[in-house]
Amino acid sequence: MVGLKEELLKSIWHAFTALDLDRSGKVLSHNLCTVLNVPHDPVALEEHFRDDDEGPVSNQGYMPYLNKFILEKVQGNFDKVEFNRMCWTLCAKKNLSKSPLLISDEDAFKVWVIFNFLSEDKYPLIIVPEEIEYLLKKITEAMGAGWQQEQFDHYKIALNTSREGLSAWELIDLIGSGQFSKGMDRQTVSMAINEVFNELILDVLKQGYMLKKGHKRKNWMERWFVLKPNIISYYVSEDLKDKKGDIILDGNCCVEALPDRDGKKCLFLIKCLDKTFEISASDKKKKQEWIQAIQTTVNLLRAGSPPPHKEARQKRKELRQKLLAEQEELERQMKELQAANENKQKELEAVRKQLEAAAARAAEEEKKRLQTQVELQDRFSLELEREKMVRQKMEEQVAQKSSELEQYLQRVRELEEMYKQLQEALEDEKQARQDEETVRKLQARLLEEESAKRAELEKWHLQQQQTIQVTEAEKQELENQRIIKEQALQVAMQQLKQLELERKEALEQYEEVKKKLEMAANNTKSWKDKVAHHEGLIRLIEPGSKNPHLITNWGPAAFTEAELEERQKSWKGKKATSE
């Protein structure tokens, strides 16, 4: 409520300063109570503005009365535009420039309201150059023109040299003069001012035509949507006369894109606690802009933050206050430095005077010192002559004593040199004896080692001779065995060849016998068939060997056991002979 009260006071201040309160204060108070929806009693109002000195206006003044009896009772349920228009009506006629402007009275009213929003919180009200630049930039962007920074910098320099800022009426003259809107017609400037007014004063964050799906009929109707910090209102048209409904926004709302369906494109959905709204934008860019704007509004509601333009205004004010505090601190420090500098100058002046007095005293003392020095030099010159003669005599004596001392020292050095040479000769002799004893012991040890090695070598020689003899015998024996084995191998090879030949002969015999048996079997079969044919009951008894058949490595053969034993004995005899 403090911020609301400050905004109301700015508009009221203009009306307050434009009226004669002795005659019009009661009218102003009545109008304020009416537009602000503050309950009031006309009889009590008459009592407040009595001509005697007993009423609260007479005792306290009008502004304390305004705060206590009117502004403290404001609840916020009033039309801000209507309130501002009432204050504008009371002050515009007296203060508005008579010269023709490029903007209409309605546009001038909107600029006046914007001035109250952007002006500083001190009276008389002014708008500082930074806020002027912000407002002109917003209007220029709304017109779609380029911002002329260099032109404004020149204007700002000229403004800063004469005053801190502009009043509301000077701001209206500046915008109405067209200095920063050259090349633009009145309608473009008016539309730009209206757009900035909607954003900064009416808190319109975004507005435009979109299609909305009905909740009952489910039909799509075009509506003019207006997005504010906590509500989206939609109207039949942009003149805002026929309002069709509101979408209440809070931190629980969300917005999300929808795919195209039912012939509608660029769809998105706004979800609230009690309702869901389907909306279709004109194109993808508009759709994205609306989704982003609504989502930003919901995020601000969740964070409890003010609208972006109010937050930006507060940050700019805080920055200016910070810069002002820094500037004041800098000025204070400069004053302190200047005061300290003046004190230092005074101290330096006192020190300079002290130095001049000290220099005068030093010059007098230097003069006395020079006279004393001349006297002392004369006296010291005489004493120096006497000392010089005494020094020459002492130097001659010292030279003589030095020569004698040098001769004595030379003799001592010679004796020391001889003593050192004698010590070295004794040391060399002692070392030679030690070396001789060491060499003698080394020779004896080497002789002993040589004898031991010679004995060991002779022993190794005998062992080697014995080993050679044994090796020769073994070698001869191995050679004999090798010869015997080669002979046995040759005999075995001959026997193997002989056996191979015998095997081939046995196979040939086996084939002949097999043929004979087949022939006999055929003959027997034909004979048996004939007998069976003629006699029928006769069973032929076939001859067979009483001994079992034997099978050898050379194939099936009908050897008897006696023949096989005879052959085995023959093979064993041949094997023994070969070994």
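Described below are features of the structure shown in this document. All values reported here derive from a predicted model rather than from experimental measurement. (Residues numbered from 1 in each chain as written. Predicted model: local features only at pLDDT ≥ 70, side-chain atom pairs only at ≥ 80, totals over all residues. Heavy atoms only, no water.)

### Looking at the state of the cysteines
Argument step 1. If you walk through the whole model with that rule in mind, you get 0 disulfides.
Argument step 2. A disulfide-free cysteine, Cys91 has its sulfur positioned 7.2 Å from the sulfur of Cys87, the nearest such atom.
Argument step 3. Sulfur of Cys272: no disulfide; nearest cysteine sulfur belongs to Cys253 and is 3.4 Å away. (Disulfide = S-S within 2.5 Å.)

### A look at helix α9 (residues 149-162)
Argument step 1. If you check α9, its first and last C-alpha atoms are 20 Å apart, about what 14 residues at 1.5 Å a residue would give, namely 20 Å.
Argument step 2. Where α9 is concerned, the buried positions are Phe152, Tyr155 and Leu159. For α9, the angular spread of buried residues about the axis comes to 65 degrees, placing them on one side. With respect to the buried face of α9, the exposed residues turned more than 90 degrees away are Glu150, His154, Ile157 and Thr161. (Helix = DSSP H or I, 4+ residues; strand = E, 2+ residues; numbered from the N terminus. Expected span 1.5 Å × (residues − 1). Buried < 20%, exposed > 50% of the residue type's maximum accessible area, 1.4 Å probe, protein only. Arc of directions from axis to C-beta.)

### Some words on the packing of helix α8 (residues 129-143) against α9
Argument step 1. Closest axis-to-axis distance for the α8/α9 pair is 11 Å, and the angle between their directions is 150 degrees. One element, α8, and the other, α9, form an angle in the roughly antiparallel class. The two elements α8 and α9 cross, and the hand of that crossing is right-handed. Taking contact as the criterion, the partners of Pro129, Glu130, Ile132, Glu133, Leu136 and Lys137 in α8 are, on α9, Gln149, Phe152, Lys156, Leu159 and Asn160.
Argument step 2. Grouping the amino acids of the contact of α8 with α9 by side-chain chemistry returns 5 nonpolar, 2 polar and 4 charged. (Axes fitted to C-alpha atoms, helices over the stretch in contact; angles between N-to-C directions. Parallel < 35°, antiparallel > 145°, perpendicular 65-115°, else oblique. Left-handed = near helix turned anticlockwise from the far one by under 90°. Contact = heavy atoms within 4.5 Å. Nonpolar A, V, L, I, M, F, W, Y, C, P; charged D, E, K, R; others polar.)

### What about the pattern of salt bridges?
Argument step 1. Inspection of the entire model under this criterion finds 30 salt bridges.
Argument step 2. Two residues, Arg369 and Glu366, come together in a salt bridge whose shortest N-O distance is 2.1 Å. Taken together, the residues span about one helical turn, with Arg369 and Glu366 both in helix α13 (residues 308-534) at a distance of 3 residues.
Argument step 3. With a relative accessible area of 41%, Arg369 lands in the partly exposed category.
Argument step 4. Of the residues examined, Glu366 reaches a relative accessible area of 33% and is grouped as partly exposed.
Argument step 5. Linking Arg454 and Glu450 is a salt bridge whose minimum nitrogen-to-oxygen distance equals 3.3 Å. Remark: Glu450 and Arg454 occur in helix α13; sequence separation between them is 4 residues, near one turn of the helix.
Argument step 6. For Glu450, a relative accessible area of 42% puts it in the partly exposed group.
Argument step 7. Several salt bridges converge on common partners, so that one network encompasses Glu120, Glu131, Arg316 and Arg320. (Salt bridge = Lys/Arg side-chain N within 4 Å of Asp/Glu carboxyl O.)

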